[in-house]
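# Residue-level structural notes
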Amino acid sequence: MLTCLLKNIEIYMCRLFFIAFISIILLQIISREIFEYSIIWSEELAVYLFVWFVFFGSSIAVTLNRHNRIDFQYKYFHVRLVFVLKVLSELTWLTFNIYFFYLCYDFVFNRMNLFWTSQTIGIPMKFVYVIMPLSFLLMTIRHAQMNFKAIFEASRS
């Protein structure tokens, strides 16, 4: 059960954030149209939930190998060169994720003012921004997992 949870944590989190996002927006629409009352905090929270949904979704895209890539040029190259270029591409992406994890971690935990709070909800902005280092860490882990899996499968055949 724990293995299944760890393997699919991003999917579960995306579902939770998307359901919460849709529910809050629906509640706001009903509140405005039927009761002629606007829920002050709903739009801000909906934006935060949607951002978290997108960042966790990027990790899912890595797991499913569904990130956008430009690879039409590979059909013009020799097979060995294609292999080298793909390895360089994967290493570049991994380096990019690690670097952005470092930058986001440094910003959220070292440089961000402790007293910054959201305007209507009043929660510390660290809770909102923590998704940035978390998502880049998850993407890096999932990217490494997918590449190790591909290397292992290639070595077996």
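Everything below is about the structure shown above.
Residues numbered from 1 in each chain as written. Predicted model: local features only at pLDDT ≥ 70, side-chain atom pairs only at ≥ 80, totals over all residues. Heavy atoms only, no water.

## Remarks on the packing of aromatic side chains
Two measures describe an aromatic ring pair: the distance that separates the ring centres and the angle between the ring planes. For the structure on display, the rule yields 14 aromatic pairs. With centroids separated by 5.9 Å and ring planes inclined at 40°, the aromatic side chains of F101 and Y105 adopt a geometry described as tilted. Highlighted residues: F101 and Y105, both in helix α4 (residues 79–111), separated by four residues, approximately one helical turn. The partly exposed category is assigned to F101, whose relative accessible area is 25%. On the accessibility criterion, Y105 (40% relative accessible area) is partly exposed. When the centroid spacing of 5.8 Å and the interplanar angle of 75° are considered together, the rings of F107 and Y129 count as edge-to-face. With F107 in helix α4 and Y129 in helix α5 (residues 125–129), the pair connects residues that are 22 residues apart, well separated along the chain. Assessed through its relative accessible area of 30%, Y129 is described here as partly exposed. Three or more aromatic residues joined by ring pairs make a cluster, and in this case those are F18, F21, F50 and F53. (Phe/Tyr/Trp six-rings, centres within 6.5 Å; stacked < 30°, edge-to-face > 60°. Helix = DSSP H or I, 4+ residues; strand = E, 2+ residues; numbered from the N terminus. Buried < 20%, exposed > 50% of the residue type's maximum accessible area, 1.4 Å probe, protein only.)

## Some points on unusual backbone geometry
Positive phi, close to 55°, is recorded for E36, a residue that is not glycine. Secondary-structure assignment places E36 in the loop between α2 (9–35) and α3 (42–63). A relative accessible area of 71% means that E36 is categorised as exposed. One non-glycine residue, N65, lies in positive phi territory at about 55°. Relative to the helices and strands, N65 resides in the loop between α3 and α4. Relative accessible area serves as the criterion here: at 48%, N65 is assigned to the partly exposed category.

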